[in-house]
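Inside the fold
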Amino acid sequence: MPLKLVLRPGEKLIVNGAVIGIGDHPVSLFFYNKVNFLRGREIMKEENCDTIEKKLYFIIQLIYIFPEDAQLNLVKFGLILEDARLTHPAESELFNDIEALVREGNYYRALKICRRLFGDAPVNASAGPAEKAPRPPVIVTRVRRKPSTETAE
């Protein structure tokens, strides 16, 4: 059974390292084989890594999206994870789960668990006050037009 993603107009997606932009209409994508993907709202930019939790998320993201650099980034992951454990000792169980998932190669699930550390803040939001409000979901309706009764002369 394929994986189906429904994306909103203007949304971006990373698939196996390639950035894909969506046009003016909602799009449904089907993946029939294994792919590494992140939707725009799940993508962390390096300049937004202002906390240890976000740095941890970002390094897992790099391991996931760019497997060719995984060995180097796994070393960085270990260092950042230890800093995170020291900063937040109460979250020890969560860090253990993240570490186990990364060691198993289940990076997407590790990212999902790591997002719990952010609270309600979106992944790609900057800390500035000029944040955009989230866009409402796209609702597509079909409008039927009545046929014109006028005849062309």
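Residues numbered from 1 in each chain as written. Predicted model: local features only at pLDDT ≥ 70, side-chain atom pairs only at ≥ 80, totals over all residues. Heavy atoms only, no water.

A count of helices and strands for the protein chain gives 4 helices and 5 strands. Beginning at the N terminus, the succession of helices and strands in the protein chain can be written as β-β-β-β-β-α-α-α-α. Sorting the 153 residues of the protein chain into buried and exposed places 37% on the buried side. Residue pairs in contact within the protein chain that sit at least 24 positions apart in sequence constitute 55% of those at least 6 positions apart. Carbon together with sulfur atoms contributes 54% to the accessible area of the protein chain, which is approximately 10,700 Å² in total. (Helix = DSSP H or I, 4+ residues; strand = E, 2+ residues; numbered from the N terminus. Buried < 20%, exposed > 50% of the residue type's maximum accessible area, 1.4 Å probe, protein only. Contact = heavy atoms within 4.5 Å. Areas by Shrake-Rupley, 256 points an atom, 1.4 Å probe, with all protein chains shown as cover.)

With that settled, the discussion passes to the sheet that holds strand E5 (residues 37–39). On the basis of which strands lie adjacent, the open sheet formed by 3 strands has the order E3-E2-E5 and antiparallel pairing. Strands with a single pairing partner mark the edges of an open sheet, and in this sheet they are strand E3 (18–21) and E5. Geometrically, the sheet is characterised by an average inter-axis angle of 20 degrees between neighbouring strands, direction not taken into account. Here 4 bridges tie strand E2 (residues 12–15) to E3, and the two strands are oriented antiparallel to one another. The residue bridging Leu13 from the neighbouring strand is Ile20, located in E3. Seen against the sheet, helix H1 (residues 52–65) touches E2 and E5 and runs at an angle of roughly 130 degrees to E5. (Pairing = 2+ DSSP bridges. Axes fitted to C-alpha atoms, helices over the stretch in contact; angles between N-to-C directions.)

Further remarks concern the environment of Phe37. Structurally, the position occupied by Phe37 is in strand E5. A relative accessible area of 9% means that Phe37 is categorised as buried. For Phe37 and Val19, which are 18 residues apart along the polypeptide, the C-alpha to C-alpha distance reads 9.6 Å.

Okay, helix H2 (residues 70–87) next. An ideal rise of 1.5 Å per residue puts 26 Å on 18 residues; H2 measures up with 25 Å between its terminal C-alpha atoms. What H2 keeps buried is the set Ala70, Asn73, Leu74, Phe77, Gly78, Ile80, Leu81, Ala84 and Arg85. Against the buried residues of H2 lie H1 and helix H3 (92–104). (Expected span 1.5 Å × (residues − 1).)

What follows concerns the nonpolar core. Across soluble globular proteins, nonpolar side chains have a tendency to be buried as a group. The biggest cluster of nonpolar side chains holds 41 residues, and the ones touching the most others in it are Leu56, Ile60, Phe77, Ile98 and Val102. Sorting the residues of this core by element identifies strand E1 (3–7), E2, E5, H1, H2, H3 and helix H4 (107–114) as the ones contributing at least two each. In terms of residue count, H1 provides more of this core than any other element does, 10 residues in total. Setting aside residues no more than four positions away along its own chain, Ile98 makes contact with Leu56, Ile60, Phe77, Ala110, Ile113, Cys114 and Leu117. (Core = buried A, V, L, I, M, F, W, Y, C linked by side-chain atoms within 4.5 Å.)

Where H1 meets H2, the closest approach of the two axes is 9 Å, and the angle between their N-to-C directions is 160 degrees. Comparing the axis directions of H1 and H2 gives the class roughly antiparallel. As H1 runs across H2, the sense of the crossing is left-handed. Contacts between H1 and H2 involve Ile52, Lys55, Leu56, Ile59, Ile60, Leu62 and Ile63 on the former and, on the latter, Ala70, Asn73, Leu74, Lys76, Phe77, Ile80, Leu81, Asp83, Ala84 and Thr87. Residue composition of the contact of H1 with H2, grouped by class: 12 nonpolar, 2 polar and 3 charged. (Parallel < 35°, antiparallel > 145°, perpendicular 65-115°, else oblique. Left-handed = near helix turned anticlockwise from the far one by under 90°. Nonpolar A, V, L, I, M, F, W, Y, C, P; charged D, E, K, R; others polar.)

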